[in-house]
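Listed below are the residues making up each chain.
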Amino acid sequence: MFSRSEMRDDDQTYLSSFLESARFFYFRGKGHLFRFLQNRVRWHLYPRLHILPGFPDHLDIEASSACNMRCPMCFTITEEYKRVTKLTVMPFELFTRIVDECVEQGAFSIRLSWRGEPTVNPRFVDMARYAKSRGIKEVSSLTNLLKLTPAMFEELVEIGMDWLTISFDGMGETYNQIRAPAKFEEAVAKIRAFHDIKVRKGSAKPVVKIQGVWPAIKENPQAFYDTFRGIVDQVAVNPLLDYLRKDTAIAYRKNFTCPVIWQRLAIGADGKVFLCVHDELSHHLVGDVNTDSIERIWNGPLLREAREIHLKHMGVERYTACAQCFLPRASVPVTAEVAGRMVTVHAMTNRSDTVGQ
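Here the residue numbers are simple positions, counted from 1 along each chain's written sequence. In keeping with the predicted nature of the model, local features appear solely for residues at pLDDT of at least 70, side-chain atom pairs appear and are counted solely at 80 or more, and the whole-chain, interface and lining totals rest on all residues. Working from all heavy atoms in the structure, the side-chain values ignore hydrogens and water.

K.L.:
It is not clear to me how the nonpolar core should be interpreted in this structure. Could you clarify?
P.N.:
Within soluble globular proteins, side chains that are nonpolar generally end up buried alongside one another. In this description, a nonpolar core means a group of buried Ala, Val, Leu, Ile, Met, Phe, Trp, Tyr and Cys residues linked to one another through side-chain atoms lying within 4.5 Å. Burial status follows relative accessibility: with a 1.4 Å probe on protein chains alone, a residue under 20% of its type maximum counts as buried, one over 50% as exposed, and anything between as partly exposed. If you look at the biggest cluster of nonpolar residues, it comprises 98 residues, and the most contacted ones within it are L59, F95, I110, F168 and F228. In this view, I110 contacts H58, L59, I61, F95, V99, C102, A131, I136, E138, V139 and S140; residues no more than four positions away in its chain are not counted. Contacts between residues were defined by any pair of non-hydrogen atoms, one from each residue, lying within 4.5 Å.

K.L.:
Explanation requested: the packing of aromatic side chains in the structure shown.
P.N.:
Aromatic rings in a pair are described by how distant their centres are and how their planes are angled relative to each other. The rule is short: rings of Phe, Tyr and Trp, with Trp giving its six-membered ring, pair when the centres are within 6.5 Å, and they are stacked under 30 degrees, edge-to-face over 60, tilted in between. In the structure shown here, the tally under the stated rule is 14 aromatic pairs. An angle of 40° between the planes, with centres 6.2 Å apart, marks the rings of W114 and F274 as tilted. Separated by 160 residues along the polypeptide, W114 in the loop between β3 (109-111) and α5 (124-133) and F274 in strand β9 (residues 272-274) bring together distant segments of the chain. Among the residues examined, F274 registers a relative accessible area of 8% and is labelled buried. Here a set of aromatic residues connected by ring pairs shows up, and it is made of F168, Y175, F184, F224 and F228. By definition, being over a ring means that NZ of Lys or CZ of Arg is both within 6 Å of the ring centre and within 35 degrees of the ring normal. Stacked on the ring of W163, the Lys or Arg R111 has its end atom at 4.6 Å from the ring centre. One cation-aromatic arrangement involves R123 over F92; the distance from NZ or CZ to the ring centre is 3.8 Å. Going along the chain from the N terminus, every DSSP run of H or I of four or more residues is numbered as a helix, and every run of E of two or more is numbered as a strand.

K.L.:
Help me out: how do you make sense of the pairing of strand β4 (residues 138-143) in this one?
P.N.:
Side chains on a regular strand alternate between the two faces of the sheet. Within β4, 6 of the 6 residues are buried, which leaves the element mostly enclosed by the surrounding structure. In β4, alternate side chains face the same way, and those of E138, S140 and L142 on one face and V139, S141 and T143 on the other are all buried. Handedness of the β-α-β unit built from β3, α5 and β4 comes out right-handed. A pair of strands is considered paired only if DSSP assigns at least 2 bridges between the two. Pairing of β4 with strand β5 (residues 163-167), which is carried by 4 bridges, proceeds in the parallel orientation. Following the sheet pairing, T143 is matched in β5 by I166. The handedness of a crossover follows from its direction of travel: if, with the strands pointing away from the viewer, the path from the first strand over the helix to the second runs clockwise, the crossover is right-handed.

K.L.:
How do you make sense of the sheet that holds strand β1 (residues 13-14) when you look at a structure like this?
P.N.:
Working definition: the strands of a sheet are paired by backbone hydrogen bonds and lie parallel or antiparallel to each other. Across the sheet, which stays open at both edges, the 10 strands sit in the order β1-β7-β6-β5-β4-β3-β2-β8-β9-β10 with mixed pairing between neighbours. With partners counted over all chains shown, the strands left at the sheet margins are β1 and β10 (285-288), one partner each. Lines fitted to the C-alpha atoms define the axes, with helices restricted to the stretch that makes contact. Angles between their N-to-C directions range from 0 to 180 degrees. Contacts from helix α10 (residues 221-228) reach β6 (207-213) and β7 (234-238) within the one sheet, and its direction differs from that of β7 by about 145°.

K.L.:
Sorry, what's going on with the side chain of K198 here?
P.N.:
Of note, K198 is situated in helix α8 (residues 184-201). A polar contact is formed between the side chain of K198 and the backbone oxygen of P206, at a distance of 2.9 Å. In contact with K198, other than residues within four places in its own chain, are F153, V157, S203, A204, K205, P206, V207, V208 and D233. Two N or O atoms count as a polar contact when they lie within 3.5 Å, although within protein this holds only if one can serve as hydrogen donor and the other as acceptor, and sequence-adjacent residues are included solely when both atoms are side-chain atoms.

K.L.:
Sorry if this is basic, but what is going on with unusual backbone geometry here?
P.N.:
Excluding glycine, most residues fall at negative phi; most peptide bonds, likewise, are trans. Here the amide bond leading from A180 into P181 is cis, since omega sits at 10°, within 30 degrees of zero. Residue position: P181 is located in the loop between α7 (172-178) and α8. P206 follows K205 through a cis peptide bond whose omega is 0°. Tracing the backbone through its elements, the reader meets P206 in the loop between α8 and β6. Even without a glycine there, the phi angle at L145 is positive, about 85°. When its relative accessible area of 2% is taken as the criterion, L145 is described as buried.

Dropping the structure here:
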């Protein structure tokens, strides 16, 4: 699955119109709009001011580290990922303990995914149900759609899940090749069924975003947009990242300080906590929620040191994960016309534009 975490704001390109995107964010925060707006201000402002909340505002909780697809651009197909990652699903008891601490400490949001496909976990829906029942304001997930059935989606509607992102790369045979064993027509029909369920239930949630990699749709971005306009809430594309770790001539942004380590924490399916949600290959272990609290890990010496290093703009020099991350990389604008509007995709410099490279 591509992009288990959200792209940097200036890297993700919204094919949806301004009004469509505004509706997406409005319905995403519906039911707790003031808290949502407050969280968005904290999310963007605190890292700029280097204000550290006492507990992460958001946690990426990996329901499964295993994936049921072999997408050619994804780190989960690499031998290194298989070597360093325990391919497993998170035990429900561990998940509930994590959520309980999040509730106690006032975390705003959790995402039931990180590196693997969350619906591989047989208790995925139960996880969403528990988090919402305990009062987590925003519960979201990313999915490749393969195992997510209309019946499961209807449960997510009834639970009140807030947001679901679907990774969907390309049209027709391009999608079939990248997202095997999924089939394009079946996948689109499933998304249409999700929309019909929301209409029948009279529910705006979960808001659904669909996103794909730019090279998979660049020949006809209008067709991608037209396919999903009206049946999802937002259509977006991402640049093709170096998840296969093949790039050598990497150019970095000057004086980069990572915002992520002031915003969120990523917990693997086995309970291990790593430097950052973009440390997909587990380079820098900073804690283990099986033996320690999230609060102590978040405020502990390893993450405190990482923040100090980033304040000196030395993250790329000191951390392997940072050197391999897309966030500090320089980018170049690529423009295209969609629905009569010019949109800009920020492609990484010195980056192949071929899926699988």
